[in-house]
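Analysis of the macromolecular model
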Amino acid sequence: MTRIAAVRPALPPYRYPQSELTEAFASICLPDGSGSALLRRLHANAGVSYRHLALPLERYAALKDFGEANDAWIATAVDLGAEAVAGAVKDAGLTLDDVDLLMFTTVTGVAAPSIDARVALRLGLREDVKRLPLFGLGCVGGAAGIARVHDYLTAWPTHVAVLLSVELCSLTLQRDDSSLPNLVGGALFGDGAAAVVMTGSEHPAASGPSVVATRSRLYPDSERVMGWDVGSGGLRIVLGADVPDVVRTYLGGDVREFLATRGLSVPDIGTWVSHPGGPKVLEAVAETLSLRPGALGLTWESLDAVGNLSSSSVLHVLGETLRRDPVGMGLLLAMGPGFCSELVLLEWP
């Protein structure tokens, strides 16, 4: 089994209380004041107290177009990505020369060369390092990335692989969009990054929780539940009100069936590492799985402290979970565009 050796979150330095972001969002996206009451209600009920932004708050109104916003995304993504990767490798007790694979996931910007190439060059990773950029997975990308790194390390058990996630959701802000999805997105999403170091089963430095098994699930007729519409203004969020209903319809059965293949059931899972999709989504997760009170406590704390960081969020929750030194079985889970889910069964020594 592969091991998760270290997780290093990284956040931009610009941190703001939700109330300040509410007023800034209203002035940028609703300059005539229409819809401001709804916006304030959504922000107040998002379960978010603070968020970090890629840029100082006053710079957002000055961004001229998608190109300028994406240039800012590239610059910040490389800075945060390099910080997260270097920190995670150090935390794992390894060196940058030990890295055999760098996998990168994002859904909030585009770059070619991709961010993984730029981070590899900045940090001086080996010239033969393998790179694998993943785009479009959205909120499920952190969990799916761990699963795909596990697949790689199953084939290369002596290798070291790093998963990097960078999501700068604030730079996708649509100033001409007063739609409900844009208002909800503006209430929930923040900026951040995380890197995960994983080792194959035959690597001499293998330590940390084991990845026991993974499961992917793509749901039918769900393409418009979550994603982006790409237009002249950039990435316009698609966010259906039925996300909690999709969770209730599918997730409980998926999790129970997956656990049953390993001879387990929901009560056997002592640690739950869930993506913080938002209050209604977390309530749906807890309900459909009949979780004990407090089972998603770290996820709720992450949502409150930094907001929803898309693919980076579940990795932040995983990092905090590792610091609590759990034991026994755990399940890491996330959902995202497709609509889909990803499950990763973990075991702590």
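Here, every reference points to the structure presented above.
In this report, we go over the structure that sits alongside the text.

Parameters at a glance
- Residues numbered from 1 in each chain as written.
- Predicted model: local features only at pLDDT ≥ 70, side-chain atom pairs only at ≥ 80, totals over all residues.
- Heavy atoms only, no water.
- Phe/Tyr/Trp six-rings, centres within 6.5 Å; stacked < 30°, edge-to-face > 60°.
- Buried < 20%, exposed > 50% of the residue type's maximum accessible area, 1.4 Å probe, protein only.
- Disulfide = S-S within 2.5 Å.
- Core = buried A, V, L, I, M, F, W, Y, C linked by side-chain atoms within 4.5 Å.
- Helix = DSSP H or I, 4+ residues; strand = E, 2+ residues; numbered from the N terminus.
- Contact = heavy atoms within 4.5 Å.
- Pairing = 2+ DSSP bridges.
- Axes fitted to C-alpha atoms, helices over the stretch in contact; angles between N-to-C directions.

**Comments concerning the packing of aromatic side chains**
In the structure shown here, the tally under the stated rule is three aromatic pairs. Where Tyr152 meets Trp156, the ring centres are 6.5 Å apart and the plane angle is 25 degrees; that geometry is what we call stacked. Among the residues examined, Tyr152 registers a relative accessible area of 14% and is labelled buried. Classification of Trp156 by relative accessible area gives partly exposed; the value is 42%.

**Brief notes about the state of the cysteines**
One pass over the structure, following the stated rule, counts zero disulfides. Left without a disulfide partner, Cys169 is nearest to the cysteine sulfur of Cys139, which lies 7.4 Å away. Residue classification places Cys169 among the buried residues on the basis of a relative accessible area of 12%. Between Cys340, a free cysteine, and Cys139, which holds the nearest cysteine sulfur, the sulfur-to-sulfur gap is 9.8 Å. Accessibility expressed as a relative area gives 10% for Cys340, which makes it buried.

**Thoughts on the nonpolar core**
By size, the foremost hydrophobic cluster in this structure holds 50 residues, and its most contacted members are Leu164, Leu171 and Val197. Going through the elements one at a time, strand 1 (2-10), helix 1 (18-29), helix 3 (66-91), strand 4 (101-106), helix 4 (115-123), strand 6 (160-168) and strand 7 (191-199) are the ones with two or more residues in this core. The dominant element in this core, judged by the number of residues it contributes, is helix 3, at 12 residues. Residues in contact with Leu164, not counting those within four places in the same chain, are Gly81, Ala84, Val85, Leu102, Met103, Phe104, Thr105, Val119, Ala194 and Ala195. Counting residues in hydrophobic clusters, the runner-up holds 41 residues, among them Val48, Cys139, Leu264 and Val285.

**As for the sheet that holds strand 1**
If you trace the nine strands from one edge of the open sheet to the other, you get 5-4-6-7-1-8-13-12-11, paired in mixed fashion. Of all strands in the sheet, those bounded by a partner on one side alone are strand 5 (130-135) and strand 11 (271-274). If you compare each strand with its neighbour and ignore which way they point, the axes differ by 25 degrees on average. Judged from the six bridges that link them, strand 4 and strand 5 form a sheet pairing that is parallel. Within the sheet, the bridge partner assigned to Thr105 lies in strand 5 and is Leu134.

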